[in-house]
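Examination of the molecular architecture
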Amino acid sequence: MARARAASGDKATARSGMRNWVGAGACLVTIALLPGAAVLLAASCPVLLLALLSDRDPARRVFRAVALFSLAGLIAPAHDLVQIGYDLQAGLRVTMAGAATRVWAAGGIGWGLSELAAMAGTMTTHLQAELREKRLRQKLAALREEWELADGGHS
Amino acid sequence: MAAGGQDGLADQRAGFLIDRRFRVLTDRPQPKLGGHDCLAARDEHEVAGKIVAVRGVPMLRAELPAFLDLRHPAMLSHLAHGAGAGGYWMISEAPAGLPLSTAAMTVSGNALLTQVLRPVSMALDYLHTHGQTHRAIRPDNVFLGADGRSAILGPACAAPPAYRQPALYESPYGALCAPAARGRGTIQDDVYALGVLLLDLWTRALPHAGLAPLEIARLKLDQGSYATLAGNLRLPRSLDEMLRAMLSDDPQSRPLPSDLAHLDSSHARRSGRRASLRAARPLALGERFAWNRPTLALFCAEQPEQAVLALRTGALEQWLRRTADDPALVVEAEALRRDDLQLEARTARVGASDEQIEQNLRLARLISVLDPLAPLFWEGVWLAPDALGTLLAEAARQPPSLDPARASRLVRGLLASGGLEAWILLRSARSGVEVQRPPQKLTRLADTGNIELTLFRVIYTLNPFLPCQTKLLGASPVIGLREMAAGLEQLAATGGPITLDAPARAFIEARLEDQPPAGEAAGSGALPQSLRDLVLLSRCQVAARLGPLPGLATALLASLEPVLAEWPGVSRREVRLAALRRLAGAGELRPMLELLTDLPGRLEDEAAQTEARDEAAILAASLQAQPEVKRLMLAGNISAARDTACAVGALAVMASLLLDLL
């Protein structure tokens, strides 16, 4: 069994390594073929990386929200880049023209929205729990009063 | 009877009616009759002749109604009876002449036989054939008839049997008993009293009249009744022989009234037994010397410790062996000594819970062996078993005569512990004389824990005409259930809660004995006291056919409301309480009882309470688990909120794409 577990771990490690190599390869290809897009993506990364590192949720909900909002902010600069060209100069120009700020702002909005939603969820939960507890206590008190039950439920 | 018209009008208003027919005129006292107070009375139907109302002693004879049907020319007829003016009254024919105690009568042997003995014997024979006894034959209760010569018996039912008989007129065994404890006896006891009456009329001064009853009994037992009463008196031979027979100490040796009524045949029964054989040497019991067995029996009763000592040392047995005419007696005494030794050994070994009862039974047995005709001796009291009710009633009325604790022991020992049955068996085997016993149901009545209640139950069951002696209603006599309910209703009007005391409770129970049970809850031993009172009073209301009793019902509320406190469910209880108050206001005791003993309703509410208890347990558990639930809810809600944020992000992407494309 231990051997099987070791074999399974080896396979996962091998898959992860493969994924890293494919990702690194794709980056290199992008840098080589589309240097402008690479510059734009690199400028957009810090917020995403920060969200990825700070999100402890296995489902990465904060990161996903930041990523989606960042993507929404990236669409217009990407369109500009397509129109201007894919070289390094075009990438730097689009980036410097405020694309990075826009993407970061969009990511920040996504992050903020996620936190606001979490706060709203927390408040709602507190309210719901309080109402439920109050309802239970009222019902229990009514039963105890009507049937003269002791705190343990016995009459 | 009213003579003038004005008197007649006054009579219409005065007094009270008995049986809706006989008007008792309370403002017209009459001379005493047989020692009883009398009032003038009048028949509203004007059928009866001259009548009087005789005031009865509270413990009236249970067979009183049977006397209503008895009519004899030599006996004053008993026409009706009923309560009124604070007492119980017998409507009786008024005697035409004076009582023999005051009448100037020609005293001769022949006159006594024809004018007194014959008519009275015929009346006694008539009573005997109807299963009754008179037990009140004494000079002040036998009257001269309309002809001024022949005697007529006075009322028999105005007092318990032999209650007012002087001890001289009683056989030695009757004289031993207190007046209330003599019992209805047999017709031979009436023959004995008639014999004493004849002797009294002859001598006009009986000897020993000033002695105490016990002294008279002792003399009669020692010397024999005839010797005690007649002494050295010289009587005509025929009268002497007849009186000897009539005054025999053994009832079975006395002539029957039918023999006496036909003077010719009376000679056949002149075989009165002599007084018990006198021993050659007496037996010393303490400082007393007994010369015959009946006297020894009396001394044994008076000195029980000495009697037991004589039994254990064998002195009694030896004396019997020398003197007794019946060898079986010696055998019985020997058996008694053996049993006594066994009893003593058992008592020493395990202790005796009923030691007092055993001692009483041993003494009663010893007395019965020595004198089979002696009455029952228990707890220091001589009594005829059927007089137990009268004796206890008098004890309750006049406590010094028999203290309540002793009366209670008497009831417990005789009825609950079977002492009476044991004695009756013994007595029947020894003397062959039938013993009048109290009703069988008393054994059941006596078998309860509350001795005071038991005592009163026995009293009221055995004395059907005894007024209730409850302190609740003060001095006004309560004869029946109707008066009881009406009295309580009146009492309730003065305010305050009402709780029945033992006499009232026992009185209602005894008087309801013949009524059908009115509720399934009746007789339920586990009920609280207030509810048992309600059971009784509701039955009383139904039996007495009384209307609503709102005062009584309201007065009972205070004690009944706590009964509902045990009912499950506050709101349900309040609904019932409101209903109970409404019914009390309407004065309906029976529906109140039904409400309080509604078993299906109670079970339903208890089931609901069990259900509520389970539900409460679930709710308590939910409350305990609330933090965990809250934590799970929090996690779920935050996830859902963040997912919503993601969804908004996706929408933003799509919107951005759409804007860019446009």
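Conventions and cut-offs
- Residues numbered from 1 in each chain as written.
- Chains lettered and ligands numbered in written order.
- Predicted model: local features only at pLDDT ≥ 70, side-chain atom pairs only at ≥ 80, totals over all residues.
- Heavy atoms only, no water.
- Helix = DSSP H or I, 4+ residues; strand = E, 2+ residues; numbered from the N terminus.
- Buried < 20%, exposed > 50% of the residue type's maximum accessible area, 1.4 Å probe, protein only.
- Contact = heavy atoms within 4.5 Å.
- Areas by Shrake-Rupley, 256 points an atom, 1.4 Å probe, with all protein chains shown as cover.
- Rg over C-alpha atoms; globule rule 2.2 N^0.38 Å.
- Lys, Arg positive; Asp, Glu negative; His and termini not counted.
- Charge placed at Lys NZ, Arg CZ, Asp CG, Glu CD.
- Expected span 1.5 Å × (residues − 1).
- Bend = angle between axes of the 7 residues up to and from the residue.
- Buried area = accessible area lost by both parts, 1.4 Å probe.
- Salt bridge = Lys/Arg side-chain N within 4 Å of Asp/Glu carboxyl O.
- Polar contact = N/O pair within 3.5 Å; in protein donor to acceptor, adjacent residues only side chain to side chain.
- Nonpolar A, V, L, I, M, F, W, Y, C, P; charged D, E, K, R; others polar.
- pLDDT = per-residue confidence, 0-100.
- Pairing = 2+ DSSP bridges.
- Axes fitted to C-alpha atoms, helices over the stretch in contact; angles between N-to-C directions.
- Patch = residues over 30% accessible without salt bridge, like charges linked within 9 Å, V, L, I, M, F, W, Y side chains within 5 Å.
- Phe/Tyr/Trp six-rings, centres within 6.5 Å; stacked < 30°, edge-to-face > 60°.
- Domains from an automatic or database assignment.
- Disulfide = S-S within 2.5 Å.
- Parallel < 35°, antiparallel > 145°, perpendicular 65-115°, else oblique.
- Left-handed = near helix turned anticlockwise from the far one by under 90°.

1. Quick word on the overall build of chain B
The number of helices and strands found in chain B is 28 helices and 12 strands. The buried share among the 662 residues of chain B stands at 52%. For chain B, the proportion of contacts with a sequence separation of at least 24, taken over those separated by at least 6, is 66%. Approximately 29200 Å² of chain B is accessible, and the part contributed by carbon and sulfur atoms is 54%.

2. Side note on the overall build of chain A
Of regular secondary structure, chain A possesses four helices and zero strands. Computed over the C-alpha atoms, the radius of gyration of chain A is 27 Å, more than 25% above the 15 Å expected from 2.2 N^0.38 for a compact globule of 155 residues. Summarising its shape, the C-alpha atoms of chain A cover approximately 85 × 50 × 20 Å along the three principal directions. Counting over 155 residues, chain A shows a buried share of 31%. Counting contacts in chain A only where the partners sit at least 6 residues apart, residues at least 24 apart contribute 64% of the total. Between the averaged position of the 17 positive side-chain charges in chain A and that of its 12 negative side-chain charges there is a distance of 12 Å.

3. Considering helix 3 (residues 61-84) of chain A
Residues and elements named next belong to chain A. An ideal rise of 1.5 Å per residue puts 34 Å on 24 residues; helix 3 measures up with 34 Å between its terminal C-alpha atoms. In helix 3, a bend of some 35 degrees at Leu74 exceeds every other bend along the element, and Pro77, a proline, comes one to four places later. In the stretch just after helix 3, Gly85 is the one whose phi turns positive, near 140 degrees.

4. Here we look at the interface of chain B and chain A
Across the boundary between the two partners, chain B contributes 38 residues, which contact 38 residues of chain A. Taken over both partners, the interface formed by chain B and chain A buries close to 3500 Å², and the fraction arising from carbon and sulfur atoms is 66%. Between chain B and chain A we count five salt bridges in total. Scanning the region where chain B abuts chain A turns up 13 residue pairs in polar contact (both at pLDDT 80 or more). Elements represented by at least two residues in the side of chain B that touches chain A include exactly helix 25 (570-586), helix 27 (599-624) and helix 28 (626-661) of chain B. With 21 residues, the top contributor of residues to the side of chain B that touches chain A is helix 28 of chain B. Along the lines of polarity and charge, the residues of the side of chain B that touches chain A split into 20 nonpolar, nine polar and nine charged.

5. A word on the confidence of the model for chain B
Residues and elements named next belong to chain B. Looking at chain B, pLDDT values average 85 and 90% of them are 70 or higher. In this model, residues 1-9 is a region of pLDDT below 50 whose contacts with residues beyond four sequence positions or in other chains number 10 contacts. Interface confidence for the predicted complex, given as ipTM, is 0.82, next to a pTM of 0.74.

6. Section: helix 21 (residues 481-493) of chain B
For an α-helix the count is 3.6 residues per turn, leaving residues at separations of three or four pointing the same way. All names here are of chain B. Between its first and last C-alpha atoms helix 21 spans 18 Å; for 13 residues at 1.5 Å apiece the expected length is 18 Å, and the two agree. All buried positions along helix 21 are accounted for by Leu481, Met484, Ala485, Gly487, Leu488, Glu489 and Ala492. Of the surrounding elements, those touching the buried residues of helix 21 are helix 22 (502-512), helix 23 (529-543) and helix 24 (550-564). Two residues or fewer after helix 21 comes Gly495, characterised by a positive phi angle close to 95 degrees.

7. Here's the deal with the sheet that holds strand 4 (residues 51-55) of chain B
Residues and elements named next belong to chain B. Taking strand neighbours across the sheet as the criterion, the six strands line up as 1-2-3-4-6-5 in an open arrangement whose pairing is antiparallel. The sheet is open, and its two borders are formed by strand 1 (16-18) and strand 5 (78-84), each paired with just one other strand. Going from strand to strand, the sheet's axes swing by 45 degrees on average, the running direction of each strand aside. Here strand 3 (residues 36-43) runs beside strand 4; their pairing, made up of four bridges, is antiparallel.

8. Examining a nonpolar patch on the surface
Taken together, the side chains of Val29(A), Leu33(A), Leu34(A), Val82(A) and Tyr86(A) define a hydrophobic patch exposed on the protein surface, amounting to about 450 Å² of accessible area. Tracing the backbone shows Val82(A) in helix 3.

9. What to know about the pattern of salt bridges
For the coordinates displayed, the defined rule picks out 36 salt bridges over all chains. Between Glu115(A) and Arg642(B) there is a salt bridge whose closest N-O contact spans 3.1 Å. One end of the pair, Glu115(A), is in helix 4 (residues 88-147); the other, Arg642(B), is in helix 28, on a second chain. Judged by its relative accessible area of 15%, Arg642(B) is buried. The partner of Arg237(B) in a salt bridge is Glu241(B), with the nearest N and O atoms 3.1 Å apart. Taken together, the residues span about one helical turn, with Arg237(B) and Glu241(B) both in helix 8 (residues 237-246) at a distance of four residues.

10. Concerning the packing of aromatic side chains
Residue and element names in this part refer to chain B. One pass over the full model with this rule turns up four aromatic pairs over all chains. Ring centres 6.2 Å apart and planes at 20 degrees place the aromatic pair Phe456 and Tyr460 in the stacked group. Pair noted here: Phe456 and Tyr460 are both in helix 20 (residues 451-462), with a separation of four residues, about one helical turn. Overall, Phe456 belongs to the buried group, its relative accessible area being 11%. Summarising the aromatic geometry, the rings of Tyr460 and Phe507 are spaced 5.3 Å apart at their centres and angled 90 degrees between planes, so their arrangement reads as edge-to-face. Here the residue Tyr460 occupies a position in helix 20, and Phe507 occupies one in helix 22, the gap between them amounting to 47 residues. An identical accessibility class is assigned to Tyr460 and Phe507; each is buried. Following the ring pairs from residue to residue traces out a cluster consisting of Phe456, Tyr460 and Phe507.

11. Focus: the pairing of strand 4 of chain B
Residues and elements named next belong to chain B. In terms of burial, strand 4 is a largely internal element, four of the five residues being buried. Taken together, the five bridges between strand 4 and strand 6 (residues 87-93) define a ladder with antiparallel strand orientation. Each residue of the ladder has a partner; that of Ala53, found in strand 6, is Ile91.

12. What about the domain arrangement of chain A?
Split by domain assignment, chain A resolves into domain 1 (1-33) and domain 2 (36-147). Each of domain 1 of chain A and domain 2 of chain A was reduced to a C-alpha centroid, and the two centroids are 28 Å apart.

13. Thoughts on the pairing of strand 6 of chain B
Residues and elements named next belong to chain B. Most of strand 6 is tucked away: six of the seven residues are buried. In this sheet, strand 6 lies alongside strand 5 in antiparallel orientation, the contact comprising six bridges. Across the sheet, the residue bridging to His81 is Met90, located in strand 6. From the end of strand 5 to the start of strand 6, which pair antiparallel, there are two residues, and Ala85 there has a positive phi angle of about 50 degrees.

14. Describing the state of the cysteines
Counted by the stated rule, this structure contains zero disulfides over all chains. Unpaired in this structure, Cys45(A) has its nearest cysteine sulfur neighbour in Cys27(A), at a distance of 8.4 Å. Under the relative-accessibility criterion, Cys45(A) is labelled partly exposed at 31%. Cysteine Cys468(B) is unpaired, with the sulfur of Cys540(B) as its nearest cysteine sulfur at 10 Å.

15. Points about the packing of helix 3 of chain A against helix 4 of chain A
Residue and element names in this part refer to chain A. Two elements in contact, helix 3 and helix 4, have axes whose closest approach is 7 Å; the angle formed by their N-to-C orientations is 160 degrees. Compared by their axis directions, helix 3 and helix 4 come out roughly antiparallel. By crossing handedness, the relation of helix 3 to helix 4 is classed as right-handed.

16. Let's talk about the side chain of Thr125(A)
Relative to the assigned elements, Thr125(A) resides in helix 4. With residues near it in sequence (within four places) discarded, Thr125(A) still touches Lys630(B), Met633(B), Leu634(B) and Asn637(B).

17. A look at unusual backbone geometry
Residues and elements named next belong to chain B. At Asp19, a residue that is not glycine, the phi angle is positive and equals roughly 55 degrees. Along the chain, Asp19 falls in the loop between strand 1 and strand 2 (22-33). With a phi close to 55 degrees, Glu379 is a non-glycine residue in the positive phi region. The topology assignment puts Glu379 in the loop between strand 11 (376-378) and strand 12 (381-383).

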